[in-house]
Structure formats: C-alpha cells, structure tokens
Amino acid sequence: MSNEETPTVVKDQVKVLTAKDLASDQDVRWCPGCGDYSMLSQLQRALPEVGVQKENIAVIAGIGCSSRFPYYMDTYGLHGIHGRALAIASGLKTAHPHLTVWVATGDGDCLSIGGNHFIHTLRRNVDINVMMFNNRIYALTKGQYSPTSQHGQKTKTSPTGVIDHPFNPVLIALGAEGTFVARSMDRDPKHLKETMIAMYRHKGTAFIDVLQNCVIFNDGAFDLYTNKETRDDNVVYLEHGKPLVFGKNRDKGLRLDGFRTQVVSLSEYSENDLIIHDSKSKELAFILAHMNDQPGYPLPIGIFLDIERTTYEEELEEHIARAKEKEGEGTVESLLFDGQTWEIPGT
Amino acid sequence: MSNEETPTVVKDQVKVLTAKDLASDQDVRWCPGCGDYSMLSQLQRALPEVGVQKENIAVIAGIGCSSRFPYYMDTYGLHGIHGRALAIASGLKTAHPHLTVWVATGDGDCLSIGGNHFIHTLRRNVDINVMMFNNRIYALTKGQYSPTSQHGQKTKTSPTGVIDHPFNPVLIALGAEGTFVARSMDRDPKHLKETMIAMYRHKGTAFIDVLQNCVIFNDGAFDLYTNKETRDDNVVYLEHGKPLVFGKNRDKGLRLDGFRTQVVSLSEYSENDLIIHDSKSKELAFILAHMNDQPGYPLPIGIFLDIERTTYEEELEEHIARAKEKEGEGTVESLLFDGQTWEIPGT
Amino acid sequence: MATTVETANGQKTKSVDYVELEDVTIRFAGDSGDGMQITGTQFTTTTAQVGNDLSTFPDYPSEIRAPSGTLYGVSGFQIHFSSRAIHTPGDRFDTLVAMNPAALKVNLKQLHEGGNILVNTDSFDAKNLKLAKYESNPLEDDSLRQYKVYPVPITSLTTNALEGTGLSAKDMARSKNFFALGLLYWMYDRPMEPTLNWIKEKFGKNPKVVEANTLALRAGYSFGNMTEIFSVQYSVRPAVLPAGTYRNVTGNEATALGMIAACLKAGLPGFLGSYPITPATEILQELSRRKNFGFKTFQAEDEIAGVCTAIGASFGGSLAFTTTSGPGMALKTEAVGLALMVELPLVIVDVQRGGPSTGLPTKPEQSDLFQAVLGRNGEAPVPVIAASSPANCFYGAFEAARIALKYMTPVILLTDGYLANGSEPWLLPADSELPDISVPFASDPEKYQPYERNDHLSRPWAVPGMAGFEHRIGGLEKQHITGNVSHDPMNHQFMVEMRAKKIAGIADDIPLQTVFGPEEADLAIIGWGGTYGDIRTAVERLQAKGKSVSHVHIKYLNPFPKNLGEVLRRYKKLLVPEMNLGQLAFLLRAHFHLDPVTLSKVQGRPFTPMEIEEKANDILNTL
Amino acid sequence: MATTVETANGQKTKSVDYVELEDVTIRFAGDSGDGMQITGTQFTTTTAQVGNDLSTFPDYPSEIRAPSGTLYGVSGFQIHFSSRAIHTPGDRFDTLVAMNPAALKVNLKQLHEGGNILVNTDSFDAKNLKLAKYESNPLEDDSLRQYKVYPVPITSLTTNALEGTGLSAKDMARSKNFFALGLLYWMYDRPMEPTLNWIKEKFGKNPKVVEANTLALRAGYSFGNMTEIFSVQYSVRPAVLPAGTYRNVTGNEATALGMIAACLKAGLPGFLGSYPITPATEILQELSRRKNFGFKTFQAEDEIAGVCTAIGASFGGSLAFTTTSGPGMALKTEAVGLALMVELPLVIVDVQRGGPSTGLPTKPEQSDLFQAVLGRNGEAPVPVIAASSPANCFYGAFEAARIALKYMTPVILLTDGYLANGSEPWLLPADSELPDISVPFASDPEKYQPYERNDHLSRPWAVPGMAGFEHRIGGLEKQHITGNVSHDPMNHQFMVEMRAKKIAGIADDIPLQTVFGPEEADLAIIGWGGTYGDIRTAVERLQAKGKSVSHVHIKYLNPFPKNLGEVLRRYKKLLVPEMNLGQLAFLLRAHFHLDPVTLSKVQGRPFTPMEIEEKANDILNTL
Ligand SMILES: Cc1ncc(C[n+]2csc(CCOP(=O)(O)OP(=O)(O)O)c2C)c(N)n1
Ligand SMILES: Cc1ncc(C[n+]2csc(CCOP(=O)(O)OP(=O)(O)O)c2C)c(N)n1
Ligand code: SF4
Ligand code: SF4
Ligand SMILES: [Mg+2]
Ligand SMILES: [Mg+2]
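Residues numbered from 1 in each chain as written. Chains lettered and ligands numbered in written order. Predicted model: local features only at pLDDT ≥ 70, side-chain atom pairs only at ≥ 80, totals over all residues. Heavy atoms only, no water.

*Asks:* Would you mind going over the interface of chain A and chain D with me for this structure?
*Replies:* By a frequent convention, interface size equals the accessible area lost on bringing the separate parts together. Across the contact, 67 residues belong to chain A and 76 residues belong to chain D. Summing the contributions of chain A and of chain D, the shared interface buries around 6,200 Å²; its carbon and sulfur component is 65%. Our enumeration of links across chain A and chain D arrives at four salt bridges. D:Arg290 serves as the salt-bridge partner of A:Asp338, at 3.5 Å between the closest nitrogen and oxygen. Counting across the chain A and chain D interface gives 27 residue pairs in polar contact (both at pLDDT 80 or more). Those elements that provide at least two residues to the side of chain A that touches chain D are strand E2 (76–79), helix H2 (85–95), helix H4 (115–124), helix H10 (312–327), helix H11 (332–336) and strand E12 (341–344) of chain A. Top element by residues in the side of chain A that touches chain D is H10(A). It accounts for eight residues. Of the residues in the side of chain A that touches chain D, the class split is 27 nonpolar, 25 polar and 15 charged. The sheet contact formed by E12(A) and strand E10 (residues 244–250) of chain D spans four bridges and is antiparallel. (Contact = heavy atoms within 4.5 Å. Buried area = accessible area lost by both parts, 1.4 Å probe. Salt bridge = Lys/Arg side-chain N within 4 Å of Asp/Glu carboxyl O. Polar contact = N/O pair within 3.5 Å; in protein donor to acceptor, adjacent residues only side chain to side chain. Helix = DSSP H or I, 4+ residues; strand = E, 2+ residues; numbered from the N terminus. Nonpolar A, V, L, I, M, F, W, Y, C, P; charged D, E, K, R; others polar. Pairing = 2+ DSSP bridges.)

*Asks:* I keep staring at the domain arrangement of chain C and nothing clicks. Help me out?
*Replies:* Residues and elements named next belong to chain C. According to the domain assignment, chain C consists of domain 1 (2–236), domain 2 (247–433) and domain 3 (523–620). The C-alpha centroid of domain 3 is placed 36 Å from the C-alpha centroid of domain 1. On the side of domain 3, 12 residues touch domain 1, which itself brings six residues to the contact. At the boundary of domain 1 with domain 3, total buried surface from both sides reaches about 720 Å², with 57% on carbon and sulfur atoms. Interface area lost by domain 1 to domain 3 is led by His87, Thr88 and Asp91, which between them contribute 70%. (Domains from an automatic or database assignment.)

*Asks:* Hey, could you run me through the coordination of the magnesium ion (ligand 6) in this one?
*Replies:* In an ideal octahedron of six donors the angles at the metal are 90 or 180 degrees, and in an ideal tetrahedron of four donors they are 109.5 degrees. All names here are of chain B. For the magnesium ion (ligand 6), the full set of protein donor atoms is Asp107 (OD), Asn135 (OD1) and Ile137 (O), and the range of their distances to it is 2.1 to 2.2 Å. The sequence pattern describing where the donors of the magnesium ion (ligand 6) fall on their chain is D-x27-N-x1-I. Neither residue differs from the other here; Asn135 and Ile137 are each classed as buried. (Donors = N, O, S within 2.8 Å, 3.2 Å for Na, K, Ca; no water. Buried < 20%, exposed > 50% of the residue type's maximum accessible area, 1.4 Å probe, protein only.)

*Asks:* Hey, could you run me through the environment of A:Thr230 in this one?
*Replies:* Residue and element names in this part refer to chain A. One can find Thr230 in helix H8 (residues 228–234). On the basis of relative accessibility, which here comes to 26%, the residue Thr230 falls in the partly exposed class. Sequence-wise, Thr230 and Lys248 are 18 residues apart; in three dimensions their C-alpha atoms are separated by 8.5 Å. Apart from residues lying up to four places away in sequence, Thr230 is in contact with Asp223 and Leu224.

Right, dumping it as structure tokens:
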C-alpha cells in the first residue's frame, strides 16, 4: 500500500487564489434574498486569505437548500444524502488528512437526521469545518419545523404550534465535547468571514451555528438580532480577552452572578466588573450558551470555545507510524505468511 | 376513534406488588457477577415502592447484554433493535401517556447507534425513564470499545488503544437539554434504588448513567469509584441543598473558583465555603459534570439536574383537547364531507 | 353557434363562437414564483364543481425558487376535464398557458398541433428569451405557426386593473396569475364564484390582497369577454357520473383521510411517526391538522425514529402508520423487520419518487417495488399493495390498515409522486359503506399466549394497560405459542415458514384479480399503481378500435391474487408498462413462468396513453 | 495393530490397538465458560500442522456466559480432519467430548451410532442433570448403550495434577479443557508441542497460568497413555495436498486478508468504516491489528456512518470497505444507493446470519440474497458475489475490490456465519500469483469530465489533491458526461439504463460458470455461498455411487455468468439447497425460465451432505 494518500500529480505553480476562482460554472439556485448567498461569498473570500490551494479543498454536504453549497464551489465537492455529510467528511478527512474539509449543512440535516454523526464527529475531533445554516425550518421540503424551530412556532407540520423544545446548537455542541464552537449570522458577513478563518486555523472539528434567513418559509426569524434597530441591544459579541459589553451605546454588560450571567448597566457597574470572555474555558462557554433566545438577555455571537485536543486523524496517523516502525511496512508476503504456517512438500 | 388509549379490561382489585411479582419466568442469562443483576433487583424493588400496577409498566430495550432486561421483568416489554429503544419508547409513551415507561440501554446502544434518539428524546422531554448501563464496552459483541471507553483503552478493536475522545454521558445529556440527569453505580444498590424512585417521580425524560461492571470484558473499570479502599476519596455524592463534602473522613469539599470547581481541604475551608448542591441549576450541573474521570477530582454521583418542563405528550394531549373543543370530535362524516364538495344528483 | 356579447355597461359587443367539447386538457406553466400551482388548483376546484370528471398533474422543480426565467425553474399544472369518465391528466394539451418564454419552451412539445397558446407577452423580453435559450423571439419568428397564439400582455393588464389600489407595481404584478385564471374561466365558460370565495377565505386577513386578486380575476374574465382576440368560447358539459357527494382529492390527501377513517372504523387511536420527505410530506401535514380526531402525529428526528415510534405506538395499542419515500424507505428497512418479527400491526406508506439515491426527488417513479417486496434482511415477508389513482389512495390506506390489524403484520402501501400530487373527483363513501375493521384484543388472561395463532395464523393482541396480559416480545427468534426467545433449530424453521404462510394466506382474503375487457384475448396490458389511468385509457382506445386487448391492474403485489397466474395465461401476449426497468415483470416471471414484455419509462413523468397504445399495436402487429 | 505402551518412567504398560482412519470428526462441547472454543482451535492448529485436510465449525450461544449447566449455554466446536481432501466440518461426529450433561444432551443426536463419548463425570451431579433436563443420569441408566462411553473425572484429575501449584481449586479447575485436549491428542496421536508453545506465548505474562495449562495438557495425555479405559489409539495420515505453504484461516480472517491484499495490489491506501456486529466483527478486529499496512479502520457510531465514512474515504482515493451483517446491511441500504449514483468504488461485506430482524444472531443463514441483489430504492444495480469456503473469502474480498475499482461501483460480498467462524487450511498464494488490480487515475485535467465513460462504461476517477480535476458529484441524477445535476427526462432514462448496462456488462469480465461433474446429466445441484462444501461432498458421494449428478456452484450472483442459463438447461432436474426459503431459485426462475426444486434449511445450522444426498436421491428416483 502506498504511503501517499494523494496520487502524485504534477502541480502547477502554486497560484494565488481569488474568490472568483472558487466559483463553479453552475447557476446558483437559491431564492433571491436567501441568507445562503452570504455564506457562499464569505467562504469564497475566506479561503484565498488563508492561502489553501483549491485542489486541497473538499466541500461535503447533506440534503437541504443549504446543502447545495458544494455545487457552487469550484473545489472538490460531494452532495451526499440527508444527514450524512459529517460521516462522509469524517471518512474523507481520516483517509486523506492533508485536505481542508468543509461541511455545509442545515439545521435539519445536521441536528435532526444527522444528529448522531454531529455529536460523534465533535467528540472525535476530526479536523472538519462545519457550517450549519440555521434557518430554523426545513426549507427544501417547504416549511416543516426543524429541531431549532421555536416552541409554539406554526409551520406546515405544526399548525397548532411546535410542541418540541428546540435544541440550542451551541449547547449541544459543547455537551458533545466540541473543541471549537461559534455562532455568527448571514447578515454580518465580516464576522462570518473572520469566523471562517478562525475555523480553518483551528485543529479539530470547528462548528459554527449561522443564523440564516429563509425568505420563503421563515422570513424574519432573526430580525431581533439582525435588524439595525434592535440588534445592538440584543446581541453581544464574544471576543477573547475582552469584557462582555453590548448595547446601542455600549452601555450594558454581563457579569457573573453565582453560576449565571446577569445583565447590568454600565452606569452602575464598571467594565472591570464584567465577565472577560475566555474562549479557553469550557465552563464559561456553557454559561454563555444558556443565553439563547432568552428574553432580557443578549444573544452571544462569536467564538464560545476554542481549545486544543489532538485530532482523530492525527492520532491514527501516529498509531500507524508507530506500527510501521515496530513491525515494518506490510507486504503481501508478511501479510499472508504470518502466524502458524506449515509446508506440504512437493511430491 | 376512541378517546381511551387503553382497551377496557376488568381490572382485579388493585393489589400490592412485591419485587417477586415483577420477576418473569425466564432464566436470567447474564454472567455471574455482572453488574446488570443489581439494576434488575433494584428496579424490582423500586417499582412496588412507588405503587404502580404492573400492567401499566412497559420496559423497552435495544440490543446488548443490558438490553435483555425486559425479558426478566414480568411487565409489558419490548426488546427492540440496536439503538432504537428510545424511539420505540417515545412512540409508546406518546400514544399511551398513562404508562410508566422504562428503557434499559447500554453505552453502545444509547450513545453510539442510538445517540440521535437519545438527544432528541431529552429535548422533547418525553416522560421516559432511561437507565443506561455504562460498562464502557460493547459486551454482547465481546469486547469492542464503546463511546464511553477511555482514551487509550485497549479492546479488541483498539489493539493500540482507543483514539476517540469519550463522551461524558452526563454532559451530553445536559447539552441536549435533559431535565433530569443523574449518575449512580451498580455497587451502590441503595443509591440506585433511590435514584430510580426519583426518576419515576420526575415528569419528563429522566436519564441515569449507571457505572456497571462487566466482569468479562472490562472488569474493574470502575474500581476506583466502587472499591472500598478508594471510593470515598474519589466519589462525591450530590444531594440537593447540601454542601459538596467527600473523603474517607469527610474532610474534603468542592468550592467554586471562578467558573470551575476546586477541591479543598476542610481543615483550611469551612463547609460554608463549599458549593451547595442545587439540582435546579443548569449552570451548576454543567460545572459539576466536567469532573469526569479527572485526576485530582472526585466523580459526582447523584442527581445533577432535576427541573420541570412540560412533557411532549402532555402538550400533545392539550393540543388535541383544544382541537376537539374547537372543532368537535371528528367522525367519518366530518372527515370526508369537509371542504369543497359538490353533489351529482341521481338520474 | 355564434352569439353577440355585450358587456355589463354595454360598451362593446363582439361575435363569439360557442363550441362544445367533450374533453379538454390545459397546461398552466410559468416560473416557480408565478403561482401556477394555485391557478391550476383553482381551475380544478371550479371545474369539479361544474360537474366535469377531471384529472390533474402538478409538475414542479426541486428548487424552491429557481432563478426566475430559467428552464429548470418552470412550474406546471395540467388539468384534463371532460363530460365523460376519464382516468388521466391527458397526453397532450389543447391549451397551453405560458407565463414566460421558458414555460413555452419546456412545454411546447406536448401541445396538440393547432392547439391554443396563451402567452404573457410582457415576459418575452431579451433577458427571458436568453434564459430560455431562444435564439429569436418565437412570438415573432413564425415558429409557432401551426398553433393558435393568443398574445396577451398579462402583467401590464393586471397592473392597469389594479391601479388605484395603492399597491406597488411589484405587488400588483403578483396577481397576474389570477388575471390568467379569469381569462381561462371566460374561455372555458366557468363561474368565478368558487375562486372569489376562496380568495376571501384564504387572504381574509389581508384585505389588500383580497382586493388585488379579486380585481385581477375579474379583469381577466372581462378581457376575454371584450377583446377581439378571443372569438371562441368553449363549454364542456357536466359528466354523467354516479350520483352522490363529490370532492376533489390529491393522492396524499386521500391517503391521510384513509388512515383516519381506518382508525375510526377500527375503534383505535391513530398514530403517525414520520419524517418529512418529498413527495410524501403532505400526508404528515394533512394529519397534523386533524387533532380533533385524536390522531397523533410525531415528527421524528429521522425515518428510523419515524418507524420506531410507530412500532412503539402499535405496541401500545394504536393503529400506527409511517410515511416516506424511497430513501426514507431504505432507512426503515431494519425496523420493518422488527415489526414483522414481533407481529405488530403497522402501515408503511412509500410515496415513490425518482431514484436511485436522491435521484429526481420531485418526480414520480415506480422503482421501489423490489425494495418493498424483497428488500429486507432475512426471510421477511410483508404484504404489499398499491394504489391506482389519487382517490384510490384512500382505499389503499384503509385496506392496508385492515390487513395489518387482521394479520398483525406490517403492510406496505405503495403510491407515487404522480398520484400523491395529482387529483381527481371522488365520490365520497358514507360512514356505513366503510366496513368495520376492528379486531378484538385478547380476552382471557389465563389462556393468553402471545404467539398462539388463530385460523388465519394471526397472533392475539394484548396491550399495556391490560392487567394479566403482561408479556415480552422482541426481535430474536421466538418460540411458537409462548413467544419466548428460542434458538431451537426446528422451531426457527417452523417459525420462518409460519411467517411466510401467514402472509401467503392473505391471498384467501383479498379479491380475485379482475380484468377490464375480455377474459381471453390477444393481449393483456398489465399494470400496477399509478399507471392505472394511462393504461385504462390506452385500453379503452384500443378496444374502441376493435383490438383484442384487456387491462389487468394488480393492486395486491404481495401476495398476488390467487387466480393471477391463471388469469394471465389466457392471453397470447402480455405487456407490462412500468415506470422502472421491469420490476413487476420480473416478479411475474419468477412466480408464474410467464414472459411478459416490458414497456419501461423512467423519465420522471408518467406514461401517456399514446405511448402504451403504440407499444400495444406493435405487439399486436406481430401476432 | 496392537502395541504395548510404556510410560516415560516405565511405570505401567498396557496394550493399545492402533487404528488408522481416513476421516475423523470430533465435537468438543461444554459450558460457555469451559473453554471449548480454545480447545477446538488448538486441536485444529495442531491437526493442520500434522498435514491433514480439515474443516471446522464453531457453534456458540448468543449469551456471553449463559448460566452454567443450561442447555442454551452449551458451546461447541466441531472439527473434521482427514487424509484426503474434504469440504465440510462433517455430518455426524465420531467422538463427542461432553464436559457436562447439557453438552451431552444437546449433541448426542448427531453422534454416529457406536461413536465415542468422552464425558467429564465430575459434572454429572444432580444439579447439572436437572439443568440439562435429564430425568436420570444417562451414565447410569443404560441409555447410552449404543455408544462407547469413556467416563473420566476430568475436573478432579486436573485438580490432582495441579496440586502444589498454589492455585485455588477454582482456578485449577479452569485448566480442565487442556486436560481434555491432552487426552484427545493421545487418542488421535497428535503432538503436544504446538499447543505447549502457544500456551507460553499466549499466557506468557502469567506464569502460573502457563504452568497450570501445561501440566493439565500433559496430564491428559499421560492419562490416555496409562489408564486402562483407553485401549485404542487412532491415527489419520497427512492428506495428499498440493505442495506449498499452508495456514489455517477462518472466513473472517481470510476476508480481512483479502482486503489488505487488494489494497497492496491496487496500490491504494485501505479504509474500513464499520460498526461491530456478530458474526462480522472479527473482520474489523483483524484489520485494526494491521496498522503497519497503513490500513485505517474507523469504528463508526453506527452502520450508516460505517458506510458513509467509507464513501468519504473512497471519494478521497482510498480503497474503501464496510463490513456488517443483515440488520446492519439494512441500515446501509440508502448509502449504497449514493455510492452507486456517484459511482465510487466500495466493497460491502455482509456476513449473513439468521433473520429476520435480530433473529438468530450467532447462527448462519443465506437469507440476505434478495436484500443484496434487489433491496434498494430506485433502479439500483449492484454486483453481488459470494464466497464459498473460509479460505475462499480471501479471493471473494479480492475479487470484489477488483470489480469495484474497475467499474467504479459498490460491490456486495456475501459470506455467512458458517464461513466466517469456520476454518480450513489454505494454500497461500505468492505475491506474484495475485493480479495487479490497480486502476489509473484520470490524467488529463483539460479533458476531464467526471461522467465520461470508458469501454466498459466506467467513469474516470480523480481525487482531491489532484490539481485541475476539481469537480462535484452527488446523489441527484446527473447529466451524462458532465455529471452536472440534471432533471432532463431523457437523460434520466439514459442514465438509469447506463447504470444497469454497466453492471450487466461485468458478465463479460467474470469466469464462465463451471460444473463439477458431467456437463449434461440427470441432476444438477446448484448452490451459492457457504453451502459449497456440503453440496460438493454430497455430489462426490452420489457420483461415487454412479449417479448422474453435477454440482454447479455460483459465485457471481449479479450479474450471473453469461453461460449460466445455458449450462443449467442441460440437466433434467435442478435442485437448489439453500439456507433460506428459496431465494436463488427465485432469481433463477425470473432470469432463466427454469423450475428448480428448493431444498430449504433455515435452522441456524448448515446442511449436512447427507440431507442433500437424500433429497437428490428422491428426485433421481422420480426420473
Ligand atoms: C433520507 C431522507 N429523508 C428526508 C429527506 C427530505 N429532506 C430533504 S432536505 C430536508 C430538510 C432540510 O432542512 P435543513 O437541513 O434545515 O436545510 P434547509 O433546506 O433548511 O437549508 C428533508 C427533510 C431526504 N432527502 N432524505
Ligand atoms: C443494527 C445492529 N448493529 C449492530 C449490532 C451488534 N450489537 C449488538 S449489541 C452491540 C453493542 C452492545 O454494547 P452496549 O450497548 O454497550 O451493551 P452491553 O452489551 O455492553 O450491555 C452491538 C454492536 C446489532 N445487533 N444490530
Ligand atoms: S427556501 Fe429559504 S433557505 Fe431555501 S433557498 Fe429559498 S430562501 Fe433559501
Ligand atoms: S459480558 Fe459483561 S455485561 Fe455481558 S452479561 Fe457478562 S458481565 Fe454482564
Ligand atoms: Mg433549515
Ligand atoms: Mg456496554
């Protein structure tokens, strides 16, 4: 077996990529105004910045509106089956650790049918970048509730209101031992791009919950957080090492009250009293994650957690290297003529 | 459609159950010394205490050594397919809310193949009692690693050591928005039984992670926590409203240091400095959950979280009742002769 | 017949030919955002109320809103209506309504020579022509000369009509489909009231929209009345249909209704465990609106949970269902095996779509037959039935439930995207016409044995809550009578054969195969499922031409009707048109030693009767 | 031949008959905890090294440790060895080693009349007799009179032998299986060295255990040598086998070796995505030990992830595999459809077990054939091949990989629990005897089109990392050549037919069907998979008796060999013994218009040649 996972191909001179180089020749088929466009253009901008070559990029998706993403990237791409993007991506990355693997997945694809692969990928810490397009609805199938739809939300399959309690994507990702967990939104392209770059830089599974507006089936779901009028009072940006200040006039902050957060006015408290964001603390990440559509609390946007842990594929490579060192590189002979053999002499 | 989920049967006088009444006529086929026996006898003791009638008990399982549980209970029982116990139980409980539904599942059954149903059942808060027999191994298939096997553990499928980072069952249950999350162990039958009673009393999904010794494939995995010599220094019992004290001489405690716990000596600190356990606090539950096989920290045993949230089936019943009130109980006529109809007259 | 028309205010008169037709097929086509599905549905409802027989076929792209103007973004709705009984949405259409160039391009091939084309000229601009890959404007280059083209600036006429409503130009343009509808109502002489009422009901909360759509509809109608472009008005008389109350249903609606009706007639609570998937989702949607029937819908996290929650509900004494399409069916495979091992009633509905894999998710196909009949691990027999028309889905669901309950078994009902979205008028049965399908629960706790068998080999049902019947079941092989786990070799053989026998025995409980046409003839055209209407129409035409042809439509695919082999052997030749590569034909070969000819169409769209007729003639010519 | 035996220290002599046999079958049976699998495996290894041909069949309960003494807790290991070539673990056994009453009860039926029974008398106490449901002690009630019974107090003799080792009585008793093994080595004249060496290697870290087992083994051997109970010693000469190096392999081992060999001969990294399931788990276990081959095993969270990680790895340029058994196969159904749509190489191994549902998880069956060939949504053709013996699993895995790579397709390899756990000596091929199965990657980025086709309709493979070949694939229907998503009706028909044609075309690339016996005859016995040895033995016996019978064993189940229909038509009668209800027979009927007779055995255990012989004679008698 070859040591090289990649077939050897004479590479062109390494050339500098532009966003345009990453656009495939296929018409983008999302609805006009769909938040998915923003994600696409930010990834097309982020990747040239980090300087990866396009033959080393693979984009994997399941099924959903958002999961059409790979078709629009001029990279290697696989549009899989519903819910299985992370399993496919895990196999790809494990088999071929040199690639940069991105997954485009919806709230249904990732958290409903794909929930099991999601939590297992996170605990294994396979180095995959997972972009979850969270529009809180099944869009491709035309408007049924998803695991992030809000309690009471009326959809085609919940005419009397959703009775399921929704997942908090950040919380479940943290519970599954994710090492990089973030949230961003389609309407903040700059933040989105920066977070994508941070995801790329993180070794291990990087998960981002992106609030994405579906103009057709759940329009305005995130108005509170994206609308110019309301967003500053309802969103707090997490920046490592910085105090948690927010508000239109940056006049509010978050302090710790026992185990939980408390919104305080900066007229009463000083910045020194506030929580200093620490993206290395699992405990803080959990505490902040609880502020999720909670009236009176801002929604945190940014990187909740960014810690190191060896990745699955790294460890596997290491075990293989050790075995080869110890037992020698295997051959057909060493494979078959192994253990208890005996000879039957010729007659 | 009948309003009654249960076919009417003339019931005997309600009689007082004993543990023996709950034992079926089937030989128990676990290995001698297996921790599963302890679970069985404690459930057979707990149920008569809470006073439920045996025709109203259903025990559902997937596949695994532990999943043979239903055969040994003289109640209604279903031994399903691998990983699907919670989905089956969710359907049963939703369709038939008057039952007391128990699920017996293994660490593989529940967290590996069944992981998706696990997290969704918790968020929906279907009123099911989930006993996870956590022996950190696939026992029925003879010794492969499970999602709770420890990093580096050598098993039949990890001859060079497990490279997966394990789940912390309590943490993932909390991340999935579980309303009742506990841990116990086969070697502490009293605690087990008490926890089972608390599970029964909790409305909504109650999850217990039970450290269970598999004498054949992972013997002694929990020695540190169950062995008389070491356990008192390595286990802290969580009791609501009580300070977190532990140690052979009850000379150690846990205090909060910023966002995390710190082990302190009671010679330096007083009980007043310690964390008072509050099983109503999600944040504390997360903080405590992080002490999981962490050297230097005791393992918490007990109820991490026990909070209220309407159950899935309650809400569904309510929506149905409201619809019946508003639209009247449906009949074949009202079903079919609805909407835009027209007549073709006889000739 | 020519009459002179005068408008309400007497402004203008024109001479109109009044032509009576037996049969009309119209195709509404436009961009995904043009509202063609609404237009089609409204035309359908009105036509149904006028008393015509009808059949519809909606046909839309898999994108939610493909970029406007593109060929792949075209959404269509076809309606065939008639003064006699009909079975299909029509081979070719008489009138094509094309809201943009792409809609014209995609659909022109299926328009009758000499047919009508109603185009929205406003959309024939350079951009749209390019998107539709037209080199030159077909309205100008004479390429449509063999059709009757009615060029109407629908968008601007709508905008004109809505002037003064205070709506933006964009919002006004949204009502253009109602203008087109009004015009078609005039052309085909249908009343506007049903749609006017519907507009009020549907948009009641938004008076501006009510006003806009109302005005647009009326404007379209008046335009027909007034303009010189239109000189013919068509009428189609009411069909002579059996007396009774009718309703127009799609296949998915009918399936949902059949499920609830089965629960009512079984006296059991209903439960659906399901996960959305095209084209099956509407069944879940329909049922979720029926909470006053006590019917519970559980939108599960995936298809496996869908079927497993249903198994749990069935164990708990509900009449349980799960609905899906091909890929979801694949995921349910293992759990269906559990249901058949524990012998619990369960109905699995597979609304088939184009495969393999994700395939063509919005297009119909009949390629899950193998999967339904043979696609499980182990010896795992499951009854399979198929619905033949939108309204027949009701009876399919009801019958599947009857068999599931009586035989304590999972039953698979196959429909497809063509039936699911298509519609037809349905003569509603009275409550009393539906049989009681209730099955008694076990009654004597002393004698209860979970795997005892009655005369038709079914086991007794006892459900949690019934005191004295506590028992355990599971997926391991079970001992005959007691149901205990058993690894005994002879018991396994016995039980495997027992399960096979139980299902095979259902053949004694289903109708014998009937035949449309002579019992012996040159050719039998054999069908199953949604091809019914197309085959029937083809056979009627062939018979009308004096050909010796019959139609054998198989509703029970496993087990087959007892007499099927015998029935088929009476024909010289057998033809099986299937929307797959010959799956039924394969089963017939294996079962009956026959050698049918397959007519395969795997194009994501139904057969046309013409295609079947042609193939039949080819075969007949070789005799 | 009688000799006088003298022990090493000359203590005692006795007269021993020395009997030479051609063929011996032994069954070791005891409690799950009695170590019978180890005993059997050791006897096997030694026997292999002595040069006999052999075949084994382990047979154990699904409980890990059923309560001791119970009937369902009996674990067995059967070995058949011979001085000529053999194909099966034997119909009935010559010697039964029964470590307890339950083991005797369960196995007695299959012992030859007059056969040897070696019993551990220590275990025949009241409790064990009751657990085994014996009314009276069979050792005392004369019920065993037609057998030769050797009553040996194995437990106490072992304990005696180990006195002084300082072990507890309980620990000493643990070595009793080695005592029994030693005794059998004496009886069948085999050397102790291989086992003595193995004990040292295996228990090296635990010197007490080494000592105990060594002493027990020697004690058993001496006991045979010394005690008067035994007066006959048997010998079985080495078989005349082709020259070369041999190794004993189980089917699962051989499958794993075949996978790695395929990777080496394809020049590709290997990847297995799998989830443990009986009886397939050992393949995953074997492969996880081969890290020095660079082979990567990914123990996934479930079967769906198992196959999907493999698809990902295949997309990334690995030779990818997934292994499972029936229920897991069911779960993989949807993803196999994806693999065939994206046309990536993938080998799926289904080690079949008793079904349906969980069924009889530790017992073999052949009932997943329908699932493998036909069980997917949509038109989803996949090549299916089956291995015929433990060692043949190597070639099955290798050939599956060859086809997968050459045709860019998922391929299903069927084995079963009988092959998986059974073993036989395998003449090891040299590296040079294995063909190069490498397939070139796409080479010209300018001309690269992902869905272009070569002469055998396979598409070119380009994998991430190759600059200039970036492309997208997926489960939606794709356009011919470009691979872009396409909803075009005619393209769909074309692609559905193309995929079918590609797989059907493999028939040109596989060996023609061969026949063992005359090409024309009264009867052909047709088999597939693990029934090979039993059918071959039956046919050899029938032929020896002058019957006109041939054996046709089918390795390629989809597509069938090109000449299969023709080959089969040359026999007057066809008999298909299958461990299912007739699945191959059904496929033959559908494909070739034949009418074979099915001999069905669904008992969780293999056919015996005798059963096949009898059925064949029944048929021959009707001619
Ligand atoms: C096995 C399977 N089940 C169901 C579906 C139908 N399906 C396709 S996408 C989807 C949900 C899409 O929701 P989400 O993942 O949130 O993506 P969005 O469309 O909102 O971007 C569903 C249910 C499918 N294609 N395959
Ligand atoms: C679909 C399917 N996959 C795999 C298996 C094999 N299997 C049975 S139990 C089991 C794991 C058991 O582990 P766990 O759930 O921890 O239970 P334990 O035996 O340890 O109590 C596996 C892999 C199966 N029966 N079905
Ligand atoms: S339906 Fe919603 S999510 Fe899908 S493309 Fe349109 S706007 Fe985007
Ligand atoms: S194998 Fe382990 S878990 Fe299973 S019954 Fe035996 S001791 Fe218990
Ligand atoms: Mg979504
Ligand atoms: Mg376990």
